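Notes for the structure review
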Amino acid sequence: MMNNQNNSIPDISGDDYLKVLVCSANVGNAEPTPTSFSAWVPYDGEINGPLTNTPYPVGQDEINLSVGPYAAANCNGNSQEGIVQSLATTNEKQKFDIIVLGMQEAAFVNKQKKDKELLDTSIDSISNNVGGDDTASSNNNNNNIAALSPPKSKGFKNPLKKGAKKAAKAGMVMRGISANQTYKRDTASMRNITGALTVDVLGYDNNKLNNLIKTTLPSYEMVTSSLRGEMRLFVLAHSTLAEDISEVYVGAENTGIGSIMANKGGIIVTFVLRDMTRFSFMTCHLEAHEGMTHYTNRNKNLAEILGGAKTDPVYNMQDATITSHHMFLCGDLNYRIKFSEYEAKKKKSSRAKKALKMSFRGPAGLKMSVNKGSQGLMKRSVSMESEKDEEAVEEEVVANKNAMGGEGDSPNKMGGGDEEEAAAGEGGEKKDEPANGSHFDQAKALVKAEDWKALNGGDELAVALKQKECLVGFSTLPCHWPPTFKVARGEGYQYNEKRTPSYTDRILWKSAEGMTNNVIPFLYEPCPDFITSDHKPIRGGFAVKLNKCRPPHNQNLSNSVITQDGKDHPVEQQIQILVSDMKCTNLPIMDNELIGGLSDPYVKFVSSPKELLYSKAWPSSSIITKSLNPVWNENYHLTMDGNGMENGLAEGAMFMLTVVDYDATSGDDVIGTVALNLNELVSELDLSGAGSSDEVQETHISRPILRNGQEYGMLECKLKTAFLAPKEVKSFLSGAKHVKTATKTSWKSKMQAFTGLAIS
C-alpha cells in the first residue's frame, strides 16, 4: 500500500519536515585537516550553500533511476527541481535539524610522533603477550624484534613491520578487539554534553574529531557519540530541537575476524522525535576486496549487523529496519563496480581450463600414466577452439586478476580494510605485471566520459538491492558523480590502478509502510576537497515529513454499560481486528535435521505503541508443528486498548505480525516480521466516535516476512477492522467461524504442540 502522490510541491522549510544531513567518510586512518572536514560537513549545518553550489543536483532523473521502493512511488511525482529550488531560495537561512556523521577507519595518531615510537609501542605490546619461561620469552622477543626490523636487501617491504605500525596507528592493541565507548545525552536534563567529549578517554584522535565537530557545528548538541574499534557514529541535533528527542538507544555489532574484531561491523542509533517519529541511523564498514565471495560476505555482514545491534529493548524480536519509521544507513559498504563483459571472459577462461584439465584425465574411470614424451601429445588433444580460448583469455585474466578477486582473496585481517587491501596487492604483485588491466581502463574511460549511467550499471549494491540479496525495502539514489574509491590522497580524483574505481561509500534509507513518500532526498554528492583519505566522503540531504496524530476519538455517550452499582458509565470505543485465512509459505528450516528439519511456527501480534496490544505478553496464535507452509484454521480476535490512543491514533502506529519458531528445548527463534501501517488498516473508519457500528474495513495482506533486511517466506491473511464499543463486538464477530481471542501462548499449548498429547 502506498500513499497517493501529491503533485503539489510541499513546503519542506517548515516544522512539518525534519531536515536531515547524513555524512559518511572512510577517514583512511589519517587526521583530517580543518579544511577537509569543512569540505565535508557544512559550517553550522547550513543548507543553502551546499545546495546551491553542488555540481551534482538531485533532479527527477536521479529519482527515476533510484533503486528501491522510492523510485516506484515517485516516478510521476513532484518536480524534484522545484522542491530543491524552493528550499534554496527561501528568505530564511535554512539549517539542518539533525546531522549524522558516520566514520570508518577513523583511528589516527599525532603526526608529530615518529615511526620509531609507533614501532616501539607495537613491540612492547607483542613482548608483553609472549608466554613461556624467561629464556623462551627472551628469545621470542628477540625474534619478534628481528622480524619487525627491515632486512638489508634493497626494496624489501617487511609486512610484519607494516602490520605493527598499522596496529599501533589504529589503536588495535587497546580497542580493536571489542572495545567501545558510547556517550549518550542526558535525557533527564537534555543538556549539551559535547564538552564531556573532550575528555581524553582513548586518545588523540578522539579529541581532534570532537574539537572539529564542536568548531564546525557550534549550534548543535550531541545526541550520542559512539566509538567501536575504528568505526564512529555521531548524531547531533540543532539546539532548538534537542529537547524534543527521547528514547535514545545505541547498538553495535562486530563482523571482523570471528565476529570479534571491530575493524568491520556497524553501529546503530535509534531515537524518537516529539513522541511520534522513530528514527534510526546506522554506519557500517563491510568486508573489502573484489569477487563473488566477498560480495556474498558483504550481504551477510549487513544481516549480521542488523541482527546483532538491537537498539530498542521493547521490540527485541524485531530489528531496526522493522521498528523504525525511517532508517538511514551509510558507510564504506565496499560494493564494487564490475562489468559483465569481464565476468563473461572469466567464466569462458574457467571453461577452457576445465577442458584442458579433463584432457589429462581421459575417459571416466580410466587411469592414464603420462610420461614426458607423451605430455606434448596430451596437451594437443585439447580442441583447437578450447586452445584458442585459453590463449586469448588467460593472458587478460592473469593481467586483471586483481580486478574481481575471487575465493583466493583473503579478507581483512586487522585494522583499516582498504589500506590492508592495498598492502596485500602491493606485496603480492610483480612490478612488471599490469595491476588491473583493461577492467581499470574501462572504468577510467567511463569516468572520463562522465558516463555515470554505465558505471552505475556495474554497481554491485544496485544488483544486490534489485535481487533482494540484502537490505530489502531500502532505496538509494544513483551515484551520478565520479567513484569515491580508490583515490590518491589529495585534491580531485587520481585513481589507484590496483583497484577498480567504485562507489564503495553510500547512503540508503528505508521508510515504514505507507511512509515512503514522506522522505524527499534533495542533496547527494561526494566531497572531492577532502584530501587526507584514499576515499572521497559523501553526504546526503533529506527532508522527512514528521508523524502527527489523527484527532482523538471521543467517548460516545450512547455506548454505555450498566455496572453492579446500577449506574450508566460511558465506554470508549476501541479498534477491533479480526485476523482470518492466515498462512505462510516457504518458511526457512529452523529445526535440526535430527528432529525433522522443519519449523514449528506461530505468530505474535505486536503493536506500536506497545500499549495497544501488550498485556504482560504479546497475544499469539496457535503453534503449527513441523511445517514450512503452515495454515491457521482459526480466526483471531484482537482488541486494541484505548489507553494507547489518548491523544488520537498516531500516524506512525504499527501493527506487526511476527512469525516465530517454537523450540521446546531452548528459546524460540524469530523467523521474521510483516509490519503494517495501522492507520491504513483503519483509514475508512470514523475514529471520532460518531461513526456507525456497521463500518467495517477489510484488507487483504500478502507480504514478505522480513528479518535483518532479508526475506524469509511470505505471509498472507485477511484483516477486518472496526471501531466499536464492547456491546457491538459480538455482532462484528458473528459471521466468523472458529474465533479465538488471541492471548499469550501458554506453556500448556506449547507442550501440547511439542508432544501431540492433550495436557489438562
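Helix and strand counts for the chain come out as 23 helices and 22 strands. Put simply, of all contacts in the chain between residues at least 6 apart along the chain, 74% involve residues at least 24 apart.

Before going further, it helps to examine the sheet that holds strand 9 (residues 326-332). Across the sheet, 5 strands lie side by side as 6-7-8-9-10; this open sheet has mixed pairing. Each having just a single partner strand, strand 6 (245-254) and strand 10 (505-511) make up the two edges of the open sheet. Sheet twist, expressed as the mean angle between neighbouring strand axes with direction ignored, is 15°. Note that strand 8 (residues 277-285) and strand 9 share 7 bridges and pair parallel. Residue threonine 283 lies in a different strand from strand 9, and its bridge partner there is cysteine 330.

Once that is clear, we can look at the pairing of strand 15 (residues 574-585). If a strand is regular, its side chains alternate between the two faces of the sheet. The buried count for strand 15 comes to 9 of 12 residues, which makes it a mostly enclosed element. One ladder, built from 10 bridges, connects strand 15 with strand 21 (residues 710-724); its direction is antiparallel. Across the sheet, the residue bridging to valine 579 is leucine 719, located in strand 21.

Counted by the stated rule, this structure contains 14 salt bridges. Between lysine 95 and aspartate 44 there is a salt bridge, with the nearest N and O atoms lying 3.2 Å from each other. Linking lysine 95 in the loop between helix 5 (80-88) and strand 2 (98-104) with aspartate 44 in the loop between helix 1 (34-40) and helix 2 (48-53), this pair joins segments that are 51 residues apart in sequence. Relative accessible area serves as the criterion here: at 25%, lysine 95 is assigned to the partly exposed category. A salt bridge links glutamate 711 to lysine 468; its shortest N-O distance comes to 3.4 Å.

Before going further, it helps to spend a moment on the nonpolar core. Ranked by internal contacts, the top residues of the largest apolar core, which has 79 residues, are Trp40, Ile98 and Leu101. Every residue in contact with isoleucine 98, bar those within four places of it in the chain, is listed here: Leu18, Lys19, Val20, Leu21, Val235, Leu236, Ala237, Leu241, Ile245, Phe271 and Phe281. Ranked by size, the runner-up nonpolar core spans 47 residues in total, among them Val606, Ile671, Leu678 and Leu681.

This part takes up unusual backbone geometry. Lysine 486 follows phenylalanine 485 through a cis peptide bond whose omega is -5°. As for its placement among the helices and strands, lysine 486 is situated in the loop between helix 20 (460-466) and strand 10. Here the phi dihedral of asparagine 334 falls at roughly 65°; this positive angle occurs in a residue that is not glycine. Here asparagine 334 is to be found in the loop between strand 9 and helix 13 (340-361). For asparagine 334, a relative accessible area of 0% corresponds to the buried category. The backbone of leucine 471 sits at a positive phi, close to 50°, despite the residue not being glycine. For leucine 471, the position within the fold is in the loop between helix 20 and strand 10. Overall, leucine 471 belongs to the buried group, its relative accessible area being 2%.

A few words on the packing of aromatic side chains. Taken as a whole, this structure holds 19 aromatic pairs when the rule is applied. With 6.1 Å between their ring centres and 10° between their planes, phenylalanine 96 and phenylalanine 522 make a pair best called stacked. Here phenylalanine 522 lies in strand 11 (residues 519-526) and phenylalanine 96 lies in the loop between helix 5 and strand 2, a separation of 426 residues in the sequence. The pair phenylalanine 96 / phenylalanine 522 is uniform in exposure class, with both members buried. Here the aromatic residues Tyr70, Phe271, Phe279, Phe281, Phe328, Trp509 and Phe542 are joined through ring pairs into a cluster of three or more. Taking NZ or CZ as reference, lysine 338 lies 5.5 Å from the ring centre of tyrosine 295, over its face. The ring of tyrosine 712 has arginine 707 sitting right over it, with the charged end atom 4.2 Å from the ring centre.

This part takes up the confidence of the model for the chain. Here the chain averages 77 in pLDDT, while 66% of its residues score no lower than 70. Confidence drops under pLDDT 50 across residues 422-435; counting only partners more than four residues distant or on other chains, this segment forms 16 contacts.

On to the environment of alanine 72. Looking at the secondary structure, you find alanine 72 in helix 4 (residues 69-74). The spatial distance from the C-alpha of alanine 72 to the C-alpha of threonine 516 is 9.8 Å, given a sequence separation of 444 residues.

Time to look at helix 10 (residues 204-216). Its 13 residues place the ends of helix 10 18 Å apart at the C-alpha level, agreeing with the 18 Å of an ideal helix rising 1.5 Å per residue. Along helix 10, the positions that sit buried rather than exposed are Asp205, Asn206, Asn207, Leu209, Asn210, Leu212, Ile213 and Thr216.

The next point concerns the side chain of histidine 637. Here histidine 637 lies in strand 17 (residues 635-640). The class for histidine 637 is buried, based on a relative accessible area of 9%. Polar contacts involving the side chain of histidine 637 include one to the side chain of glutamine 576, which spans 2.7 Å. Among residues more than four places away in sequence, those in contact with histidine 637 are Gln576, Ile577, Leu578, Val729, Leu733, Val739, Lys740, Thr741 and Ala742.

The subject of this paragraph is helix 11 (residues 292-308). Since the α-helix advances by 3.6 residues per turn, residues separated by three or four positions end up pointing in the same direction. With 17 residues, helix 11 extends 24 Å from end C-alpha to end C-alpha; this agrees with the ideal 24 Å at 1.5 Å per step. Restricting attention to buried positions, one finds in helix 11 the residues His294, Tyr295, Arg298, Asn299, Asn301, Leu302, Ala303, Ile305 and Leu306.

Attention shifts here to the pairing of strand 19 (residues 669-677). Here strand 19 lies mainly inside the structure; 7 of its 9 residues are buried. Relative to strand 19, strand 18 (residues 654-661) runs antiparallel, the two being bridged by 8 bridges. For phenylalanine 655, the partnering residue across the bridge sits in strand 19 and is leucine 676.

The topology assignment puts alanine 106 in the loop between strand 2 and helix 6 (115-128). In this structure alanine 106 comes out as buried when scored by relative accessible area, which is 0%. Among residues more than four places away in sequence, those in contact with alanine 106 are Val27, Asn29, Asp205, Leu209, Glu230 and Arg232.

Moving on, we get to the state of the cysteines. By definition, a disulfide links two cysteine residues through a covalent bond between their sulfur atoms. Taken as a whole, this structure holds 0 disulfides when the rule is applied. With no disulfide of its own, cysteine 284 lies closest to cysteine 330 among cysteine sulfurs, the gap being 7.4 Å. The thiol of cysteine 470 is not disulfide-bonded; the next cysteine sulfur, from cysteine 284, is found 9.9 Å away. Residue classification places cysteine 470 among the buried positions, given a relative accessible area of 1%.

Conventions used here
- Residues numbered from 1 in each chain as written.
- Predicted model: local features only at pLDDT ≥ 70, side-chain atom pairs only at ≥ 80, totals over all residues.
- Heavy atoms only, no water.
- Helix = DSSP H or I, 4+ residues; strand = E, 2+ residues; numbered from the N terminus.
- Contact = heavy atoms within 4.5 Å.
- Pairing = 2+ DSSP bridges.
- Axes fitted to C-alpha atoms, helices over the stretch in contact; angles between N-to-C directions.
- Buried < 20%, exposed > 50% of the residue type's maximum accessible area, 1.4 Å probe, protein only.
- Salt bridge = Lys/Arg side-chain N within 4 Å of Asp/Glu carboxyl O.
- Core = buried A, V, L, I, M, F, W, Y, C linked by side-chain atoms within 4.5 Å.
- Phe/Tyr/Trp six-rings, centres within 6.5 Å; stacked < 30°, edge-to-face > 60°.
- Lys NZ or Arg CZ within 6 Å of the ring centre and 35° of its normal.
- pLDDT = per-residue confidence, 0-100.
- Expected span 1.5 Å × (residues − 1).
- Polar contact = N/O pair within 3.5 Å; in protein donor to acceptor, adjacent residues only side chain to side chain.
- Disulfide = S-S within 2.5 Å.

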